[in-house]
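Listed here are the chains, written in short residue letters.
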Amino acid sequence: MAARKLTLEALNARLKAGCIGVSVLRRGDRLWLQATLPPKPGAKQNYDHHQQVPLGIYANPDGLKEAENHAIEMGALIARGTFRWIEFNTGVQGTCQAWASRYQTYLKDNKLKGDKDFQWRENYSNPALKWLPQDQALTDEAVIAAA
């Protein structure tokens, strides 16, 4: 017997029947999650509200399966009260430490011998990264406070 093709409507019906509290949307050729979530770091609202989160996953049968897993994971975090934007990291910049690590990896991967601009970045910008709050989101306020 052939397996039934998973559709967006069937997926959302399963999520609703499981009381997950998250639904999957299609916008263009990509999938998004929709749920009532806490405000993003730096947002003007300070209360939970209905938000959409891009997954960056194509809207195809494999993408629907992956989106379902993300929806279940998000629903579990919401139900436990442990949802954090930094952990989900879609639409949020991430922690200062994560950005600094990515920047240092970029410098290492793009090192050109004798490049004076590279030497300046390595000598002066890397030490400045230590002043950022490592476990907080990288925001304008964090950078200004570090400066």
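In case you missed it, the structure is sitting above this.
Looking at the packing of aromatic side chains
For the coordinates displayed, the defined rule picks out 1 aromatic pair. Between the aromatic rings of Phe 83 and Trp 85, the centroid separation amounts to 5.2 Å while the plane-to-plane angle is 85°, which identifies the pairing as edge-to-face. Summarising the burial analysis for this pair, Phe 83 and Trp 85 share the class buried. The cationic tip of Arg 27 hangs over the ring face of Trp 32; the distance from NZ or CZ to the ring centre is 4.0 Å. Against the face of Tyr 58 rests Arg 30, its NZ or CZ located 3.8 Å from the ring centre.

Things to note about the packing of helix α1 (residues 8-17) against helix α2 (residues 61-80)
Put simply, α1 and α2 touch, their axes get as near as 11 Å, and they point 20° apart. Judged on the interaxial angle alone, α2 and α1 are roughly parallel. Handedness of the α1/α2 crossing: right-handed. Counted together, Leu 8, Leu 11, Arg 14 and Leu 15 of α1 and Leu 64, Glu 68, Ala 71 and Ile 72 of α2 form the full contact between these two elements. A per-class count over the contact of α1 with α2 returns 6 nonpolar, no polar and 2 charged.

Some points on the sheet that holds strand β1 (residues 23-27)
Read from one edge to the other, the open sheet built from 3 strands follows the order β1-β2-β3, with strand pairing classed as antiparallel. On the outer flanks of this sheet lie β1 and β3 (49-58), each paired with one strand and no other. Here the average twist between neighbouring strands, direction ignored, is 35°. Bridge analysis of β1 against strand β2 (residues 30-37) gives 5 bridges, and the strand direction is antiparallel.

A word on the pattern of salt bridges
Counted by the stated rule, this structure contains 2 salt bridges. With a closest N to O distance of 2.5 Å, Glu 68 and Arg 14 form a salt bridge. Remark: Arg 14 occurs in helix α1 and Glu 68 occurs in helix α2; sequence separation between them is 54 residues. According to the relative accessible area criterion, Glu 68 is buried, its value standing at 13%.

What counts and what doesn't
Residues numbered from 1 in each chain as written. Predicted model: local features only at pLDDT ≥ 70, side-chain atom pairs only at ≥ 80, totals over all residues. Heavy atoms only, no water. Phe/Tyr/Trp six-rings, centres within 6.5 Å; stacked < 30°, edge-to-face > 60°. Buried < 20%, exposed > 50% of the residue type's maximum accessible area, 1.4 Å probe, protein only. Lys NZ or Arg CZ within 6 Å of the ring centre and 35° of its normal. Axes fitted to C-alpha atoms, helices over the stretch in contact; angles between N-to-C directions. Helix = DSSP H or I, 4+ residues; strand = E, 2+ residues; numbered from the N terminus. Parallel < 35°, antiparallel > 145°, perpendicular 65-115°, else oblique. Left-handed = near helix turned anticlockwise from the far one by under 90°. Contact = heavy atoms within 4.5 Å. Nonpolar A, V, L, I, M, F, W, Y, C, P; charged D, E, K, R; others polar. Pairing = 2+ DSSP bridges. Salt bridge = Lys/Arg side-chain N within 4 Å of Asp/Glu carboxyl O.

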